[in-house]
Amino acid sequence: MLAQLAGRFRTVVSGEDPERGDVPGWVMITLMSAVLVAGILAIAKPALEGLFSDAMGRVGQP
């Protein structure tokens, strides 16, 4: 077990970890997701504001 731990530590320290992943790919996916959410919000914002205003108006009515 100690040999496995030492081997794993060497792999991580040397930067050759096969499980490290593709950082630029994850950055691109995150940015694309943020742009998609912003686009959907821009399109749906008037409808969401109307729904919220209607719901708040109904709560205030006796």
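See the structure shown above.
Reading the values: the criteria
Residues numbered from 1 in each chain as written. Predicted model: local features only at pLDDT ≥ 70, side-chain atom pairs only at ≥ 80, totals over all residues. Heavy atoms only, no water. Patch = residues over 30% accessible without salt bridge, like charges linked within 9 Å, V, L, I, M, F, W, Y side chains within 5 Å. Areas by Shrake-Rupley, 256 points an atom, 1.4 Å probe, with all protein chains shown as cover. Salt bridge = Lys/Arg side-chain N within 4 Å of Asp/Glu carboxyl O. Helix = DSSP H or I, 4+ residues; strand = E, 2+ residues; numbered from the N terminus. Buried < 20%, exposed > 50% of the residue type's maximum accessible area, 1.4 Å probe, protein only. Bend = angle between axes of the 7 residues up to and from the residue.

(A) Spotlight on a nonpolar patch on the surface. A cluster of nonpolar side chains, contributed by V23, V27 and L31, occupies part of the molecular surface with about 270 Å² of accessible area. Tracing the backbone shows L31 in helix α2 (residues 23-60). What makes L31 exposed here is its relative accessible area of 54%.

(B) Representation of α2. A maximum bend of about 55 degrees is found in α2 at A44, where proline P46 lies one to four positions downstream. Burial analysis of α2 places just zero of its 38 residues in the buried class, a small minority of the element.

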